[in-house]
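Chain residues, written in single-letter form:
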Amino acid sequence: ALVSRYRPAVHRYLKQMLGCGHKAAADDLAQDFCVALIRGGYAGADPGKGKFRHYLKSVLYHLVCQHRRCAARLPVPLASDNPAWDSLAADDEFDRGYRGELLAVAWETLAAENEEFYAVLRCRTENPDYSSDQLAAAFGLTAVAVRQRLRRARLAFSAILRRESDE
């Protein structure tokens, strides 16, 4: 009964306190308030200390303050002219180096685990314009067989990459 009676007023009050651009936050806080009310989170209200409406406004005020404190801790996007963007170029260089090392290890591992998969996949990557028939002729296989080996080789290579990147 309390929720159905006070929900519209609570929602309006929260929208007013947060401002017009924060309708979603007001919705969330109103819902949080109603859930806490239903769960008995405000059972400590003492009728001898004043009107329930004043207690309600105080609770909502504290909800908004808590919301603003949490929002103040959220990261703020960098301006496009911020010098921190320049340092990200160094991170890109690190990422490129890491990817190169990871790929080199994956190729070595694939060669050690399955030479046939390594040969087929390496030939495909070095000759991306080859048709299945051209690859098949290079390995003395049918086009269907070479496509099947390529699929299996790609699966093995991606499993190696995942395993190596997790280590």
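Residues numbered from 1 in each chain as written. Predicted model: local features only at pLDDT ≥ 70, side-chain atom pairs only at ≥ 80, totals over all residues. Heavy atoms only, no water.

Some words on the overall build of the protein
Stage number 1. Secondary structure summary: the protein contains seven helices and zero strands in total.
Stage number 2. Reading the protein from its N end, one meets helices and strands in the order α-α-α-α-α-α-α.
Stage number 3. Rg of the C-alpha trace for the protein: 31 Å, well past the compact-globule value of 15 Å for 167 residues, more than 25% over.
Stage number 4. When the backbone C-alpha atoms are referred to their principal axes, the protein occupies close to 90 × 45 × 30 Å.
Stage number 5. The proportion of buried residues among the 167 residues of the protein is 24%.
Stage number 6. When the accessible area of the protein is evaluated, it comes to approximately 11,800 Å², of which 55% is carbon and sulfur surface.
Stage number 7. For the protein, the distance from the average site of its 24 positive side-chain charges to the average site of its 21 negative ones is 19 Å. (Helix = DSSP H or I, 4+ residues; strand = E, 2+ residues; numbered from the N terminus. Rg over C-alpha atoms; globule rule 2.2 N^0.38 Å. Buried < 20%, exposed > 50% of the residue type's maximum accessible area, 1.4 Å probe, protein only. Areas by Shrake-Rupley, 256 points an atom, 1.4 Å probe, with all protein chains shown as cover. Lys, Arg positive; Asp, Glu negative; His and termini not counted. Charge placed at Lys NZ, Arg CZ, Asp CG, Glu CD.)

A few points about the side chain of Ser132
Stage number 1. By secondary structure assignment, the location of Ser132 is in helix α6 (residues 132–139).
Stage number 2. Leaving out residues up to four positions away in the same chain, Ser132 has contacts with Ala143, Val146 and Arg147. (Contact = heavy atoms within 4.5 Å.)

Structural notes on the state of the cysteines
Stage number 1. All told, the structure shown has zero disulfides when counted by the stated rule.
Stage number 2. The thiol sulfur of Cys70 is not disulfide-bonded, and the nearest other cysteine sulfur, from Cys65, lies at 11 Å.
Stage number 3. With a relative accessible area of 37%, Cys70 lands in the partly exposed category. (Disulfide = S-S within 2.5 Å.)

A closer look at the side chain of Thr109
Stage number 1. Relative to the assigned elements, Thr109 resides in helix α4 (residues 84–113).
Stage number 2. Look past the residues within four positions of Thr109 in its chain and what remains in contact with it is Ile160, Arg163 and Glu164.

Digging into the nonpolar core
Stage number 1. Of all hydrophobic cores here, the largest spans 17 residues; its most connected members are Val10, Leu14, Leu18, Phe33, Tyr42, Leu56 and Leu60.
Stage number 2. When residues of this core are traced back to their parent elements, those giving at least two are α1 (2–18), α2 (23–38) and α3 (52–72).
Stage number 3. Ranked by residues supplied to this core, first place goes to α2 with seven residues.
Stage number 4. When sequence neighbours within four positions are dropped, the list of residues in contact with Leu56 reads Tyr6, Val10 and Phe33.
Stage number 5. The next biggest cluster of nonpolar side chains, apart from the first, holds 14 residues, and it includes Leu110, Leu135, Val146 and Ile160. (Core = buried A, V, L, I, M, F, W, Y, C linked by side-chain atoms within 4.5 Å.)

Focus: the environment of Asp133
Stage number 1. Mapped onto the elements of the fold, Asp133 is located in helix α6.
Stage number 2. Residue Asp133 is classed as exposed on the basis of its relative accessible area, which comes to 55%.
Stage number 3. For the pair Asp133 and Arg147, spaced 14 residues apart in the sequence, the C-alpha separation amounts to 9.5 Å.

As for the packing of helix α5 (residues 115–126) against helix α7 (residues 143–166)
Stage number 1. Closest axis-to-axis distance for the α5/α7 pair is 9 Å, and the angle between their directions is 100°. Compared by their axis directions, α5 and α7 come out roughly perpendicular. Judged by residue contacts, Glu116, Phe117, Val120, Leu121 and Arg124 of α5 engage Val146, Arg149, Leu150, Arg152, Ala153, Arg154, Ala156 and Phe157 from α7.
Stage number 2. For the contact of α5 with α7, the class distribution of residues is eight nonpolar, no polar and five charged. (Axes fitted to C-alpha atoms, helices over the stretch in contact; angles between N-to-C directions. Parallel < 35°, antiparallel > 145°, perpendicular 65-115°, else oblique. Nonpolar A, V, L, I, M, F, W, Y, C, P; charged D, E, K, R; others polar.)

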